[in-house]
Amino acid sequence: MDFRRNSPDQHYDRFVARAKRARKWASLTMFLMVGVSLTAIWQEKRLAPPVHDGMQVAAVKVLQLIDSSEGAKSFVTAAVSKISPSGDRSGSPVTAALLKLQH
């Protein structure tokens, strides 16, 4: 029996491949955690008031940008109509502003 099947180079290659997969999953996990955290802050201001206020300012700027672009306005209108075709007009201020763009 030959116990030297795994040379140091093969061991290193497996180590590098495993590290690459771990970094990929860690990046994806971090992205999802940031997204979930920002969603929670958006819904509950008490979690991080300065971040929530900054998100409100950013949302207004994005709405102004969307309003100034005809292509973006038509995209948002189409997306909103697909999301809530039943005429449900409840939701956050940003949702209400996006729905105003539809008219």
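Reading guide: rules and limits
- Residues numbered from 1 in each chain as written.
- Predicted model: local features only at pLDDT ≥ 70, side-chain atom pairs only at ≥ 80, totals over all residues.
- Heavy atoms only, no water.
- Helix = DSSP H or I, 4+ residues; strand = E, 2+ residues; numbered from the N terminus.
- Buried < 20%, exposed > 50% of the residue type's maximum accessible area, 1.4 Å probe, protein only.
- Contact = heavy atoms within 4.5 Å.
- Salt bridge = Lys/Arg side-chain N within 4 Å of Asp/Glu carboxyl O.
- Patch = residues over 30% accessible without salt bridge, like charges linked within 9 Å, V, L, I, M, F, W, Y side chains within 5 Å.
- Areas by Shrake-Rupley, 256 points an atom, 1.4 Å probe, with all protein chains shown as cover.

Chemist: Mind laying out the overall build of the protein chain, listing which residues take part and the relevant values?
Modeler: When you go through the protein chain residue by residue, the secondary structure sums to 4 helices and 0 strands. Along its sequence from the N terminus, the protein chain presents helices and strands in the succession α-α-α-α. Burial status across the protein chain gives 13% buried among its 103 residues. Taking the intrachain contacts of the protein chain between residues at least 6 apart in sequence as the baseline, contacts between residues at least 24 apart amount to 29%.

Chemist: Account for the pattern of salt bridges, with residues named and values stated.
Modeler: Scanning all chains against the criterion turns up 2 salt bridges. Across the pair R46 and E44 runs a salt bridge whose closest N-O atoms are separated by 2.8 Å. A salt bridge links K45 to D53, with the nearest nitrogen and oxygen atoms 3.2 Å apart. Relative accessible area serves as the criterion here: at 36%, D53 is assigned to the partly exposed category.

Chemist: Can you tell me about the side chain of H52, naming the residues and giving the values?
Modeler: Examined against the element boundaries, H52 turns out to sit in helix α2 (residues 49–68). Setting aside its immediate chain neighbours within four residues, H52 contacts I41, W42 and K45.

Chemist: Give a description of a nonpolar patch on the surface that names residues and reports values.
Modeler: Together, M30, M33, V34, L38 and V51 make up a nonpolar patch on the protein surface, roughly 440 Å² of accessible area in all. The leading source of residues in the nonpolar patch is helix α1 (residues 8–43), at 4 residues. If you trace the backbone, M33 turns up in helix α1. A relative accessible area of 51% means that M33 is categorised as exposed.

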